Structure formats: structure tokens, C-alpha cells
Amino acid sequence: DGGITQSPKYLFRKEGQNVTLSCEQNLNHDAMYWYRQDPGQGLRLIYYSQIVNDFQKGDIAEGYSVSREKKESFPLTVTSAQKNPTAFYLCASSMGGRMDEQFFGPGTRLTVL
Amino acid sequence: KQEVTQIPAALSVPEGENLVLNCSFTDSAIYNLQWFRQDPGKGLTSLLLIQSSQREQTSGRLNASLDKSSGRSTLYIAASQPGDSATYLCAVGGMYSTLTFGKGTMLLVSP
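In this report, the structure presented in the accompanying data block is examined.

## Digging into the interface of chain A and chain B
- Taken residue by residue, the interface counts 24 residues in chain A and 23 residues in chain B.
- With both sides pooled, the region where chain A packs onto chain B buries about 1,900 Å², and carbon together with sulfur makes up 52% of that total.
- Across the chain A-chain B interface, the total number found is 0 salt bridges.
- If you look at where chain A meets chain B, you find 9 residue pairs in polar contact (both at pLDDT 80 or more).

In C-alpha cells, the structure reads:
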């Protein structure tokens, strides 16, 4: 059953802590993306990776970091430098071409206590 | 910088009505346009993908059109049902295969 999985579904973080959100896909897609969604807002791009061992900053990369060591995995770390991390985080993947459709995971809701 | 606007922000209709959701974008140099559905607290489900060279795409009761030159797309939903209630998001694809999203239209279809 092909798709994108994100874990955990809910995550709570204390101020000053780093947390890592998991994103895994078994669609054999080259490109993967991380978006952030705030209430009443559209999605905003944090980071994206078009190929293993390479990634680029999106519109709101400050306070976040990523790695792409394996094709199927693209974890996102929310660092203590991110001033307002409470949000819904969505991971997506695509074949990687400019014309290709993006598919999304179920999301992780991060709350800072 | 690309900006995507969706109108209306919210829409409430009785079951059975046909309806149109609107999406506009500022930069016509797009590669594709996707319409998504999002249920509360869930991820996005892709509904339709229109390539930049296409004018429309259809899937069941859904029809999406694209007019690149005027920077507009519409999503037409025929014979709406309560199960169509969700937020609908429009996104345009740019040079680096990334998407720029609108804020969405929240649709409520009442029985």
C-alpha cells in the first residue's frame, strides 16, 4: 500500500527543546517537501529536496533543519531558534518534475507548551 | 513573488446545488495547478492536476478550468453533497517543482 507516513500525529514540545518530525514515503518519489500550516492560512514551504543528499530552503526555513540521507525519508527538525513553532506540519512528495503532482501525508500537529 | 488568492473564503450551500470556487494567481508563468481537499485536522487529498498547457480537467462531479493568461482557475462542483464539506485549496506549481498555496475556501453543504 503506497503512500506517505508522518509520525507522530501529535507532538508536544517544551520551550527550548529541539524536536524531529518523521516523514517516510514508499512511492519511489525523488522529491520531498515540508510545509507548515497555521489556522486560516494556506501552506507555506519550509524546505524541499529534489534528490538524495541535496535540499533547499523554502520561504520560511529559519529555525528549521532537514536531512535527506535516504530517498524514502526526509525528517524535519524544529529547533529552539524557531520562535513560533506551534502549527500543523505537512510532508509531501512528487516524482520531482515541474509538471508532477504532489501527494501529501496526514500531518503532524506540534504544540509548544 | 507568486501570490494565490481564493474567493470566497467560506461558502455555505444546500445539498444539490452546483457551485464554483475561484482561484487567482499573480504570475502566469506556472507549470501546473492543483486543487486539493482538506478535512479538519487531516492532510491534503489531491483532486485535480491541470498542466500549464491544458484548459481543464474533470473527475466525476468535479471540473477544474485554467486560464493562464488571466491568472485564473475555477473548480466546479456539480450536485453538491454533505460529504463535499471540507476546505478546498488551490496551489500553483513553479520553476523548482514547489507549490504556492492559496488560503482555501471552506465549504459547508447542508442536507
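Next comes the rest of the write-up.
## Re a nonpolar patch on the surface
- A cluster of nonpolar side chains, Tyr 10, Phe 12 and Leu 113 of chain A, forms an exposed patch at the surface whose accessible area comes to about 380 Å².
- Along the polypeptide, Tyr 10 of chain A turns up in strand 2 (residues 10-13).

## Let's talk about the packing of aromatic side chains
- Counting across every chain of the model gives 8 aromatic pairs over all chains.
- Ring geometry for Tyr 35 of chain A versus Phe 101 of chain B: centroids 5.5 Å apart, planes at 80°, classification edge-to-face. You can see Tyr 35 of chain A sitting in strand 4 (residues 31-37) and its partner Phe 101 of chain B sitting in strand 10 (residues 99-101), one on each of two chains.
- The exposure class of Tyr 35 of chain A is buried, given its relative accessible area of 0%.
- Judged by its relative accessible area of 8%, Phe 101 of chain B is buried.
- By way of ring pairs, the aromatic residues Tyr 33, Tyr 35 and Phe 104 of chain A together with Phe 36 and Phe 101 of chain B are connected into one cluster.
- The side chain of Arg 68 of chain A reaches across the aromatic face of Phe 74 of chain A, ending 6.0 Å from its centre.

Cut-offs used in this document
Residues numbered from 1 in each chain as written. Chains lettered and ligands numbered in written order. Predicted model: local features only at pLDDT ≥ 70, side-chain atom pairs only at ≥ 80, totals over all residues. Heavy atoms only, no water. Contact = heavy atoms within 4.5 Å. Buried area = accessible area lost by both parts, 1.4 Å probe. Salt bridge = Lys/Arg side-chain N within 4 Å of Asp/Glu carboxyl O. Polar contact = N/O pair within 3.5 Å; in protein donor to acceptor, adjacent residues only side chain to side chain. Patch = residues over 30% accessible without salt bridge, like charges linked within 9 Å, V, L, I, M, F, W, Y side chains within 5 Å. Areas by Shrake-Rupley, 256 points an atom, 1.4 Å probe, with all protein chains shown as cover. Helix = DSSP H or I, 4+ residues; strand = E, 2+ residues; numbered from the N terminus. Phe/Tyr/Trp six-rings, centres within 6.5 Å; stacked < 30°, edge-to-face > 60°. Buried < 20%, exposed > 50% of the residue type's maximum accessible area, 1.4 Å probe, protein only. Lys NZ or Arg CZ within 6 Å of the ring centre and 35° of its normal.

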